[in-house]
Amino acid sequence: MSEALLRVENLSIGYDAGIGQIQALRAANLEAHGGEVIGIVGESGCGKSTLAAALINLLAPNAHVNSGAIYYKGADILTMDKESQRHLRGPEIAMVFQDPMTTFNPVITMGDQLVDFQHHIEGVSNTEKRRRAGELLARVGIPDPELCLRRYPHELSGGMRQRASIAAALLMTPNVLVADEPTTALDVTMEAQIIHLLRELRTDYQGAIIVVTHHLGVVAELCDRVYVMYAGQVVEQGLVDDIYHAPKHPYTRALIACDPAHFEEHTPILPTITGRVPSLLHPPVGCSFADRCDLAISRCREMAPPWVRISETQFALCHEARP
Amino acid sequence: MTALLDIAGLSVNFPAGGGLLDALIPGRKRYIDILDGISLSLKSGETLGLVGESGSGKTTLARAILGLSPISAGTITFNGAELRTRQSFTNMRRSSAMMFQDPVASLSPRMSVGALLTEPFIIHGVAMQNRKVKAEELLSRVGLSKDMASRYPHELSGGQARRVGVARALALHPKLVIADEPTAGLDVSVQGEILNLMTELKTVMGLSYMIITHNLAMVRHVSDRIAVMYLGRLIEVGPTREVFKMPLHPYAKSLIASEPQPDPRKRRADLAIKGEIPSVLNRPRGCEFHTRCSIAQDRCRSEAPELQAIGIDRIVRCHFA
Ligand SMILES: Nc1ncnc2c1ncn2[C@@H]1O[C@H](COP(=O)(O)OP(=O)(O)OP(=O)(O)O)[C@@H](O)[C@H]1O
Ligand SMILES: Nc1ncnc2c1ncn2[C@@H]1O[C@H](COP(=O)(O)OP(=O)(O)OP(=O)(O)O)[C@@H](O)[C@H]1O
Ligand code: SF4
Ligand code: SF4
Ligand SMILES: [Mg+2]
Ligand SMILES: [Mg+2]
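Basis of the calculations
- Residues numbered from 1 in each chain as written.
- Chains lettered and ligands numbered in written order.
- Predicted model: local features only at pLDDT ≥ 70, side-chain atom pairs only at ≥ 80, totals over all residues.
- Heavy atoms only, no water.
- 1 Å grid on protein atoms, 1.4 Å probe; cavity = no way out; pocket = protein on both sides within 12 Å on 5 of 7 lines; lining within 4 Å.
- Points joined across faces, edges and corners; volume = space filled by probe spheres on them.
- Helix = DSSP H or I, 4+ residues; strand = E, 2+ residues; numbered from the N terminus.
- Nonpolar A, V, L, I, M, F, W, Y, C, P; charged D, E, K, R; others polar.
- Pairing = 2+ DSSP bridges.
- Axes fitted to C-alpha atoms, helices over the stretch in contact; angles between N-to-C directions.
- Salt bridge = Lys/Arg side-chain N within 4 Å of Asp/Glu carboxyl O.
- Buried < 20%, exposed > 50% of the residue type's maximum accessible area, 1.4 Å probe, protein only.
- Near = heavy atom within 4 Å.
- Polar contact = N/O pair within 3.5 Å; in protein donor to acceptor, adjacent residues only side chain to side chain.
- Areas by Shrake-Rupley, 256 points an atom, 1.4 Å probe, with all protein chains shown as cover.
- Sits in = over half its atoms within 2 Å of the grid points.

### Comments concerning the layout of surface pockets
By rolling a water-sized probe across the atoms, one finds the places where empty space is left. Taken as a whole, the second largest pocket encloses approximately 1,100 Å³ of empty space. His154, Glu155, Leu156 and Ser157 of chain A together with Thr60 of chain B are the residues nearest the centre of the second largest pocket, which is lined by 50 residues in total. Listed by contribution, the elements that provide at least two residues to the lining of the second largest pocket are α5 (145–150) and α6 (158–171) of chain A together with β1 (3–15) and α2 (58–65) of chain B. For the lining of the second largest pocket, the leading source of residues is α6 of chain A, giving 5 residues. Looking at the lining of the second largest pocket residue by residue, the class counts come to 23 nonpolar, 16 polar and 11 charged.

### Some details on the sheet that holds strand β9 (residues 225–230) of chain B
All names here are of chain B. If you walk across this open sheet you meet the 8 strands as β6-β7-β8-β3-β9-β10-β12-β11, and the pairing is mixed. Single-partner strands in this sheet number two, and they are β6 (96–99) and β11 (308–310). Sheet twist, expressed as the average angle between the axes of neighbouring strands with direction ignored, equals 20°. Where strand β3 (residues 47–52) and strand β8 (residues 208–212) come together, 4 bridges link them in parallel fashion. The partner of threonine 47 across the bridge, within β8, is tyrosine 209.

### Structural notes on the pattern of salt bridges
Residue and element names in this part refer to chain B. Under the defined criterion, the tally for this structure stands at 30 salt bridges over all chains. The salt bridge partner of arginine 233 is glutamate 288, with a shortest N-O separation of 3.2 Å. Here arginine 233 is found in strand β10 (residues 233–239), whereas its partner glutamate 288 is found in the loop between α10 (250–258) and α11 (298–302), with 55 residues between them in sequence. What makes arginine 233 buried here is its relative accessible area of 18%. The salt bridge involving aspartate 298 is made with arginine 301; its shortest N-O contact spans 3.5 Å. Residue aspartate 298 and its partner arginine 301 are located together in helix α11, separated by 3 residues, close to a single helical turn. By relative accessible area, arginine 301 is classed as partly exposed at 38%. One network of salt bridges, in which partners are shared, links Asp36, Arg233, Arg283 and Glu288.

### Concerning the site of ligand 2
Neighbouring ligand 2 are 20 residues; Gly159 of chain A together with Ser54, Gly55, Thr59 and Thr60 of chain B lie closest to it. Residue neighbours of ligand 2 fall on chains A and B, so the site bridges chains. With respect to ligand 2, the backbone of glycine 159 of chain A contributes an N or O atom lying 2.7 Å from an oxygen atom. Contact between ligand 2 and glycine 57 of chain B: an oxygen atom at 2.9 Å from a main-chain N or O atom of the residue. Burial of ligand 2 by the surrounding chains reaches 90%, relative to a free accessible area of 640 Å². Among the detected pockets, ligand 2 sits in the second largest pocket.

### Regarding empty space enclosed by the protein
For the structure on display, the rule yields 8 cavities of 30 Å³ or more. What the largest cavity holds in volume is close to 290 Å³. Lining of the largest cavity is provided by 25 residues; of these, Thr184, His214 and His215 of chain A together with Gln191 and Asn215 of chain B occupy positions nearest its centre. Secondary structure elements with two or more residues in the lining of the largest cavity: α7 (188–204) and α8 (216–222) of chain A together with α7 (188–205) of chain B.

### Some remarks on the site of ligand 3
Close to ligand 3 lie His249, Pro250, Cys287, Ala290, Cys293, Leu295, Ala296, Cys300, Pro305, Cys318, His319 and Glu320 of chain A, which account for all nearby residues. For the shell around ligand 3, the class distribution of residues is 9 nonpolar, 2 polar and 1 charged.

Structure (structure tokens):
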């Protein structure tokens, strides 16, 4: 494969929490190549948003990078100076946030904000920028872009805000688009439309798209490769077809089995993975999934599982994984 | 079963926005009809799923029920009494709870999780023995560890914030819970846990739920009846199983067909629904779905369909259902 556009290496991030440090991300590795759509899935609270925030250098003030690097076009974005980081954010790497309310300033109209998102584009008038904003709003399926531009964020429905935040990120014409749950507030027809738009973008330009989502259907429909996370670690990576049809990590299998979309029959009590995630204040020495895993043996609790190569493209963090 | 909540002919409109100048332009509509003639009831102990287009007015309907959206026509009856006055809505809000769509933004940023969880007791003057113990009990009910009590909303993951929202909504043992996207942002296992918890509490506490969601895979398993909205109107209502098995309205049909399957081998090349999405500012004439309906006829472009009953418990708004 060619040199990755973005490469996360051995990244560990913790949050100061008074009583200790929450190990939100532990030795994570990830690669994204131009033209690729990457999916990140995993349990709630496993560090997906932390990873996404690190990619655009917008970590919370109490976050610490304990180890690792993020290379974008060969340079480590975590250690470059603030000024260079600012230049990256937006035109190079842009993010669609999980909670669209946090993207927009509540007291400024959508139009003014969307013009402002394009501040780095030179030689273009504000009228032109406003026109571009309207055009993109229409492209993400906002029925009345002109009206939307005149409104304040709270005057839009949840899904309209979400589409507007996707438009905001796209207005910056980034090389890497990181989208944290970009379709959760959308109805399925709109969701399908956004998926198609993102797929179109992939063919239009050679950037990479990284999508964080809980919707396994969206990943199946959109992504080329998938990273599965659990308790701060990447536990499996592979081509989308292998992840769905030949998952090797017990957590991946359990996650896919819980998706209610698989059940045709009315199932009032939905399947879940029994047990709890370990505390991230003191992650276990052995496998983090051991307490919930059917295959767990004593070794799983005593020794950290190895990163097993299943094939050229598939890997799993598990003592029991075999090619 | 008696109706716990009965909504009849409910309409809500908002000012069209824009500045003074807009208001002076003749012909520009001053108000936009967001909800139009909604009639819907919820039996006690029932779970109603409310689905539909993004922007079709689902959240607005939920807010109207709680007295938080301006009602321009129609009535809402809760527990046998019509809600008219500010006081009646305040009383109603005491025996109902709302789980909001934006999980983090809906939690006050300056309060710790522990304080947020016990706040409903204080707002409504309900006694509790020990604030800390209560908070921990509520946390464990939704599967969060005790040490979360000292965290602040921005220090939670999206899913954790969602669980705090559930714990808060159920704190005062409400009769009616309106949950706006209760599982958005949760992994499928935690989603299952939250819904199983809601189902369990429903049986134990005799709750009724109105679940607003875009997650069809989930709502088809947890709701008894389902209502589908389009552009501020109900277009189909019926028992969940029947609607999923055989949707009658073309929009409901394409909605159900659009759900992406969790299998990369079932990718679709084509969109199930195309066409210009109409705006509330400029409602299409006749049937409002005709701009996107694959079976639209001339009649649809001129004559608006009324809601019609099909069998004993289904209604649909289409000339050709
Ligand atoms: N600012 C913070 N301070 C302390 N802990 C934090 C902070 N932000 C996140 N965390 C914790 O770090 C862990 C990872 O959080 P993160 O938001 O990355 O999870 P996530 O995978 O995005 O979850 P979700 O799917 O629920 O959005 C969680 O346990 C969360 O509680
Ligand atoms: N305070 C407000 N002022 C003006 N218009 C509003 C206001 N709140 C909502 N609207 C408009 O009302 C319509 C319905 O919004 P609502 O939030 O009820 O939709 P929804 O069905 O919940 O959508 P979603 O699924 O995207 O959350 C939208 O067109 C929105 O722009
Ligand atoms: S290492 Fe052991 S406990 Fe962990 S997932 Fe593999 S088999 Fe299960
Ligand atoms: S009335 Fe006509 S346009 Fe409307 S949904 Fe039915 S067939 Fe389609
Ligand atoms: Mg997240
Ligand atoms: Mg809404």
